[in-house]
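The chain contents come next:
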Amino acid sequence: AGGVAMRERSRSRSPLQGTEASQRIADALSGLAEDAARRPAGLLPSDSGAFRLRDIMRLWGTQNNVRERDLLSAVQTHMLHEDEGRFELRFALDCDSTGIITIQMYPKQA
């Protein structure tokens with residue numbers, strides 16, 4: 001399964017913000033949502049199409065050396081698609097009453 005090569009960074013503890021690496025993370029997440037063949041075994045969307053953050057991290061993030069806060073930062077930074085001045089939602093974050101965070105991924109509209 002096509003990994004996201006993340007370079008070792010300096011000891012900075014600040015999340016990636018608008019970097020090439022955050023774009024790669026966002027693109028990889030979109031790919032996981034759009035193509036079931038790219039998903040690791042066991043990474044399944046809910047009935048609404050959302051994925052649990054903890055499942056993404058356990059089944060994909062850790063193997064690709066992506067930290068949870070970098071993944072969340074990438075989702076927030078790249079939350080919108082922009083096409084000819086029109087914005088569309090690409091990702092949505094939600095947290096239920098038990099603290100489970102989910103990420104909904106929306107395909108680009110034609």
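Calculation criteria
Residues numbered from 1 in each chain as written. Predicted model: local features only at pLDDT ≥ 70, side-chain atom pairs only at ≥ 80, totals over all residues. Heavy atoms only, no water. Helix = DSSP H or I, 4+ residues; strand = E, 2+ residues; numbered from the N terminus. Buried < 20%, exposed > 50% of the residue type's maximum accessible area, 1.4 Å probe, protein only. Contact = heavy atoms within 4.5 Å. Areas by Shrake-Rupley, 256 points an atom, 1.4 Å probe, with all protein chains shown as cover. Patch = residues over 30% accessible without salt bridge, like charges linked within 9 Å, V, L, I, M, F, W, Y side chains within 5 Å. Salt bridge = Lys/Arg side-chain N within 4 Å of Asp/Glu carboxyl O.

Please provide a residue-by-residue account of the overall build of the chain, values included.
When helices and strands are counted, the chain shows three helices and five strands. Counting from the amino terminus, helix and strand elements in the chain follow one another as α-β-α-α-β-β-β-β. Expressed as a percentage of the 110 residues in the chain, the buried residues total 36%. Counting contacts in the chain only where the partners sit at least 6 residues apart, residues at least 24 apart contribute 47% of the total. Total accessible area on the chain stands at roughly 7,200 Å², and carbon and sulfur atoms take up 47% of it.

Tell me what's going on with the environment of Thr-102, and back it up with residues and numbers.
In this structure, Thr-102 sits in strand E5 (residues 101–105). Thr-102 sits in the partly exposed class, given a relative accessible area of 21%. Residues Thr-102 and Asp-55, 47 residues apart in the sequence, show an inter-C-alpha distance of 9.3 Å. When residues no more than four places from it in sequence are discounted, the contact partners of Thr-102 are Ala-50, Phe-51, Arg-52, Leu-53, Ala-92, Leu-93 and Asp-94.

Could you give me a rundown of the environment of Glu-20, with the residues and numbers involved?
Note that Glu-20 resides in helix H1 (residues 20–34). Sequence separation between Glu-20 and Ala-74 is 54 residues, and the spatial gap between their C-alpha atoms is 10.0 Å.

Explain a nonpolar patch on the surface to me, and be specific about the residues and the numbers.
Together, Leu-80, Phe-87, Leu-89 and Tyr-106 make up an exposed nonpolar region whose accessible area comes to about 390 Å². The residue Tyr-106 is located in the segment after E5 in this model. For Tyr-106, a relative accessible area of 33% translates into the label partly exposed.

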